[in-house]
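Chains, contacts and geometry: an overview
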Protein chains: 2
Amino acid sequence: MSLAVRLAYSNSNPPQRIRSAFQPPAKPSDPARTVTLLEHLRQLQPHALRQSLPRNHTVFAEGDSTDQVYELVSGVVRLAKHTPGGRRHVLDFVMPGEVFGLIENPEHTVTAETVGDAVIVSYSRGALERAAANNPVLRRRLVSHISDNLLTAQQQLLILGCQDAREKIASFLLRLAERSGLRTGNRLELAMGRQDIADHLGLTIETVCRTIRALHRAGTINVPNVHDVTLSDLSGLRALAVEI
Amino acid sequence: MSLAVRLAYSNSNPPQRIRSAFQPPAKPSDPARTVTLLEHLRQLQPHALRQSLPRNHTVFAEGDSTDQVYELVSGVVRLAKHTPGGRRHVLDFVMPGEVFGLIENPEHTVTAETVGDAVIVSYSRGALERAAANNPVLRRRLVSHISDNLLTAQQQLLILGCQDAREKIASFLLRLAERSGLRTGNRLELAMGRQDIADHLGLTIETVCRTIRALHRAGTINVPNVHDVTLSDLSGLRALAVEI
DNA sequence: CGCTGGTTTGAATTCTTTCAAACTATGTGG
DNA sequence: CCACATAGTTTGAAAGAATTCAAACCAGCG
C-alpha cells in the first residue's frame with residue numbers, strides 16, 4: 001500500500017525529497033533529473049557557513065537585509081509577520097531540505113525563527129544572483145522558487161478565507177504530512193507548538209486544542225502525545241480538507 | 001493637504017500611475033524612470049489584441065493554458081479560486097493599468113473574471129518570454145511582478161488571519177484607495193459588489209453590509225450609494241487597518 | 001521535587017453566520 | 001414613461017462557531 005499523500009492542491013514546493021544532513025546528490029542514476037535550486041547553491045558555495053541554532057532563534061527579522069539565503073538542514077523554521085499591535089501570523093513552516101529567505105527585495109518582509117533546535121546553511125545571495133546572470137537554468141529555479149511560494153500563499157488564502165476550524169486543521173495536517181513525509185504507520189511529527197499552529201490558521205490555541213481533540217475522538221486521527229499525530233483515517237481527513 | 005494614501009504595508013504592486021485608455025508614455029520628461037513591465041509589453045507587441053468585455057466575463061479559468069498575459073485597460077477584474085464544494089475566495093482585484101494572468105506555470109491556478117464592463121489587451125506570453133531571454137531588465141520586471149504578487153498575498157494572509165470584520169473592511173478600503181486613487185473629496189468607487197468583497201475578506205455578504213454601515217454610522221466613512229464611499233476619517237480608518 | 005512553559009478543559013461571552021424577509025436599484029416591455 | 005421583474009443589497013432575529021477568561025493539568029528540567 002502506497003503512502004502517497006497527495007492533496008488535491010499539491011501546488012506547494014515541489015516534492016524535493018528530504019535529504020539527510022550531508023550532500024549525497026540523491027539519485028545520480030537519473031540523468032534527466034532537473035538540478036534543484038538547493039543543488040545549485042551547494043555547488044556554487046560548497047563551503048557556506050553551517051550553523052546549529054537553538055530553539056526560538058531568530059534567523060532574520062522583518063526589515064533585515066536580504067543578503068543571505070538559507071538552507072534548512074534539520075529542524076523546522078517558522079516564517080511569520082508581526083503587527084504593530086503585537087499580533088502575529090505564521091505564514092508558513094519550512095521543512096528540512098528547503099530553501100528560505102530568498103526574496104526579490106532588499107529587506108526581508110517576514111521573520112524567520114527556529115521552532116526547535118535546527119541546523120541551517122547560509123549562502124550569499126549576491127553570489128547567487130551573479131551566478132544566475134549567466135545561467136538560465138539557475139534563473140528558472142529562482143523564479144520557480146518564488147512562484148511556488150506564491151502558489152502556496154494563494155492556497156493558504158483559500159484555506160483562511162473559506163474553511164472552518166476543523167477543515168483548517170485537516171488541511172494543515174495533510175500538507176504537513178505531504179511535505180515532511182509520514183513515519184511508519186502514518187505517524188506525523190508536529191515540531192511546532194499549538195500556538196504556532198493557531199497563528200498559522202487564524203485560530204486561537206484553545207480552538208486548535210479542541211479541534212484536534214474532536215478529530216481524535218471522531219477517530220480521524222490519533223494523538224499519543226503533543227508532538228505526534230497518527231493519521232488513522234487519511235481519506236476522512238482528505239474529505240475534510242478537500243471540501244476546501 | 002496631500003491625499004497621500006500610504007499604508008503601513010505598501011508592498012502591493014508599485015504605484016503604477018493609472019493611465020487612460022491609450023498609450024501616452026506618461027512622463028517622457030523623466031529619463032531615469034524605470035521601464036515598467038507594461039511598457040515592455042506594449043513596445044514588444046504594439047498590435048496586441050484589445051477587447052471589450054461585458055460584466056462577469058471569464059477572461060481565463062483555473063486550468064486554462066497560460067499562453068497569454070493581460071493588461072487591464074479599464075474596469076476591474078477579480079482573481080478567484082473555487083473549491084470542489086462550490087466555495088469561492090477572491091484573491092485580489094486587478095485595477096486599470098495593471099498586468100494580470102502572468103504566472104510561472106503552464107496552467108492558470110486562478111480564475112479571472114470581469115467585475116463590470118472592462119477593456120483588456122492580450123499579449124503573447126511566449127513572445128514575452130523569448131524577449132526576456134535576451135533582456136535582463138525585462139527579466140527583472142517579470143520577477144518583480146511575481147514577487148509583488150507574493151508580498152501582496154502575504155499581506156492578505158495577515159489580514160485574513162489576524163483581523164476582525166471591521167479591520168478587514170478598513171484595510172480593504174484603504175488598499176483600494178491606495179491603488180485606484182481617490183476622486184475629489186476622498187471619494188472612492190467600489191466597482192465590485194458586496195459579495196465579491198465578502199469573498200475577498202472571508203466574511204459573508206451580510207457582515208460586509210453591517211460593517212460598512214457601522215463604519216458609516218461611526219462617521220468614519222460616508223456611503224452615498226452602493227458604489228461609492230467617501231473616506232471621511234482617513235486617519236481613523238488607518239488606525240483600524242494598521243492595528244493589523 | 002517543585003518550577004516553568006506549554007497544553008488542555010470548562011463556562012460564559014462575543015462575533016459572525018444563518019435564515020428570512022424587506023428593500024432598492026436597474027433594466028425590460030408595454 | 002410607467003409597471004413590473006430581477007439581481008443585488010440591507011436589515012432583523014435566532015443560532016452557532018470561535019474566542020475569552022480562568023483554572024487545571026502535564027512534561028521537561030534545574
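Our subject is the structure listed above.
Reference entry: report on the structure contained in this document.

The rules behind these values
- Residues numbered from 1 in each chain as written.
- Chains lettered and ligands numbered in written order.
- Predicted model: local features only at pLDDT ≥ 70, side-chain atom pairs only at ≥ 80, totals over all residues.
- Heavy atoms only, no water.
- Contact = heavy atoms within 4.5 Å.
- Buried area = accessible area lost by both parts, 1.4 Å probe.
- Salt bridge = Lys/Arg side-chain N within 4 Å of Asp/Glu carboxyl O.
- Helix = DSSP H or I, 4+ residues; strand = E, 2+ residues; numbered from the N terminus.
- Nonpolar A, V, L, I, M, F, W, Y, C, P; charged D, E, K, R; others polar.
- Buried < 20%, exposed > 50% of the residue type's maximum accessible area, 1.4 Å probe, protein only.
- Pairing = 2+ DSSP bridges.
- Axes fitted to C-alpha atoms, helices over the stretch in contact; angles between N-to-C directions.
- Core = buried A, V, L, I, M, F, W, Y, C linked by side-chain atoms within 4.5 Å.

So, the interface of chain B and chain A
Contact with chain B, which involves 40 residues of that partner, is made by 40 residues of chain A. In total, chain B and chain A occlude about 3,400 Å² of area from one another, counting both sides; carbon and sulfur atoms represent 65% of this. Considering only the side of chain B, the residues that lose the most area to chain A are Arg-87, Glu-104 and Leu-157 of chain B, jointly responsible for 19% of the buried surface there. Across the chain B-chain A interface, the total number found is four salt bridges. For Arg-87 of chain B, the salt bridge identified is with Glu-167 of chain A, shortest N-O distance 2.8 Å. Secondary structure elements with two or more residues in the side of chain B that touches chain A: β5 (88-94), α2 (125-133) and α3 (136-162) of chain B. When residues of the side of chain B that touches chain A are assigned to their parent elements, the largest contribution, 18 residues, is made by α3 of chain B. Of the residues in the side of chain B that touches chain A, the class split is 16 nonpolar, 15 polar and nine charged.

Brief notes about the pairing of strand β8 (residues 118-124) of chain A
It is a general feature of regular strands that their side chains alternate between the two faces of the sheet. All names here are of chain A. The element β8 is largely enclosed, with a buried count of six among its seven residues. When strand β3 (residues 68-74) meets β8, the two strands line up antiparallel, connected through six bridges. Bridging from a neighbouring strand, Ser-74 pairs with Val-119 of β8.

What about the sheet that holds strand β7 (residues 111-114) of chain A?
Residues and elements named next belong to chain A. Reading across the sheet, the four strands line up as β2-β7-β4-β5 and stay open at both edges, with antiparallel pairing between neighbours. Taken across any chain shown, the strands that pair with only one partner, and hence form the sheet edges, are β2 (58-60) and β5 (88-94). Across the sheet, the mean angle from the axis of one strand to that of its neighbour is 30°, orientation sign disregarded. One ladder, built from six bridges, connects strand β4 (residues 77-82) with β5; its direction is antiparallel. Within β5, the residue paired with Val-77 across the bridge is Val-94.

Comments concerning the nonpolar core
Generally speaking, soluble globular proteins have nonpolar side chains that are buried together. If you look at the biggest cluster of nonpolar residues, it comprises 40 residues, and the most contacted ones within it are Val-59 and Phe-100 of chain A together with Val-59 and Phe-100 of chain B. Non-local contacts of Phe-100 of chain A, meaning those with residues more than four positions away in its chain, are made with Val-59, Phe-60, Val-69, Tyr-70, Glu-71, Leu-72, Val-77, Leu-79, Val-94, Ala-112 and Ile-120 of chain A. Ranked by size, the runner-up nonpolar core spans 33 residues in total, among them Ala-177, Leu-188, Ala-198 and Ile-212 of chain B.

Thoughts on helix α1 (residues 37-44) of chain A
Residues and elements named next belong to chain A. Among the eight residues in α1, six count as buried, and that is most of the element. Of the positions making up α1, those classed as buried are Leu-37, Leu-38, Glu-39, His-40, Leu-41 and Arg-42. Where the residues of α1 are buried, they touch β3, β6 (99-100), β8, α2 (125-133) and α3 (136-162).

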